[in-house]
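# Report on the structure
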Amino acid sequence: VGALAARVGVDAETAQVRLKALTDQFGEYSKAQAAAMRVSKALRISQIEASDGFSKLYAALRPTGITLQEIEDAFIGFTAAARVSGATAQESSAALLQLKQALGSGVLQGDELRSIREQAPAVGQAIAKEMGVTIGELKKLGSEGKITTEIVIRALAKLRGEKLGQLQAQFST
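Model, not experiment: these values are computed from the prediction.

### Concerning helix H4 (residues 68-84)
Look at H4: 24 Å from first C-alpha to last across 17 residues, which is about the 24 Å you get at 1.5 Å a residue. A large share of H4 lies buried, amounting to 14 of its 17 residues. Remark: Gly86 follows H4 within two positions and exhibits a positive phi of approximately 90 degrees.

Okay, structure coming up:
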């Protein structure tokens, strides 16, 4: 038990150090900490898990001009959608990694799009809805570079509103 407690303590400290290092250039450490706390509460995940996942998305998106609020909305929307759809923690983590890589590059296409459609289908559906197309049309649009970070961020923000309520309802049953 002592070794586990020590490991949790080290993990928590590591997550905070990473978040501090990432937010220093924007002077947003306390705001990012508060966002990670809101993520933790909204999704009912540990503070360590929330800080870790949030910081990974922050690292990819904040330097591109995406705001702290947009990152919070995207992380909550993505995670709530994945959890409501029954994705395992491993599937969610893999899809989040693909999402982070795609959004950091500015477009969602190829393997990243395929992975997200397979492992987090609600996210693919939300992107299609945001673009006013069918899910089947996403592959072509992705190959043309038309699924931009801005479109994905808007879709994820809408998912936050839609899926977080469903997730909260699952917790109360």
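### Quick word on the packing of aromatic side chains
Under the definition given, this model contains two aromatic pairs. Ring centres of Phe26 and Tyr58 lie 6.2 Å apart, and the angle between their planes is 80 degrees; on these two criteria the pair is classed as edge-to-face. Linking Phe26 in the loop between helix H1 (2-23) and helix H2 (29-43) with Tyr58 in helix H3 (residues 47-61), this pair joins segments that are 32 residues apart in sequence. Looking at Tyr58, the relative accessible area reads 1%, which means it is buried. Judged by centre distance (6.2 Å) and plane angle (40 degrees), the ring pair of Phe54 and Tyr58 falls under tilted.

### Brief notes about the environment of Gly132
Here Gly132 lies in the loop between helix H7 (121-131) and helix H8 (138-143). Each C-alpha atom, one on Gly132 and one on Ser115, is 21 Å from the other, the two residues being 17 residues apart in sequence.

Criteria and cut-off values
Residues numbered from 1 in each chain as written. Predicted model: local features only at pLDDT ≥ 70, side-chain atom pairs only at ≥ 80, totals over all residues. Heavy atoms only, no water. Helix = DSSP H or I, 4+ residues; strand = E, 2+ residues; numbered from the N terminus. Expected span 1.5 Å × (residues − 1). Buried < 20%, exposed > 50% of the residue type's maximum accessible area, 1.4 Å probe, protein only. Phe/Tyr/Trp six-rings, centres within 6.5 Å; stacked < 30°, edge-to-face > 60°.

What is shown is where atoms sit, not what they do.
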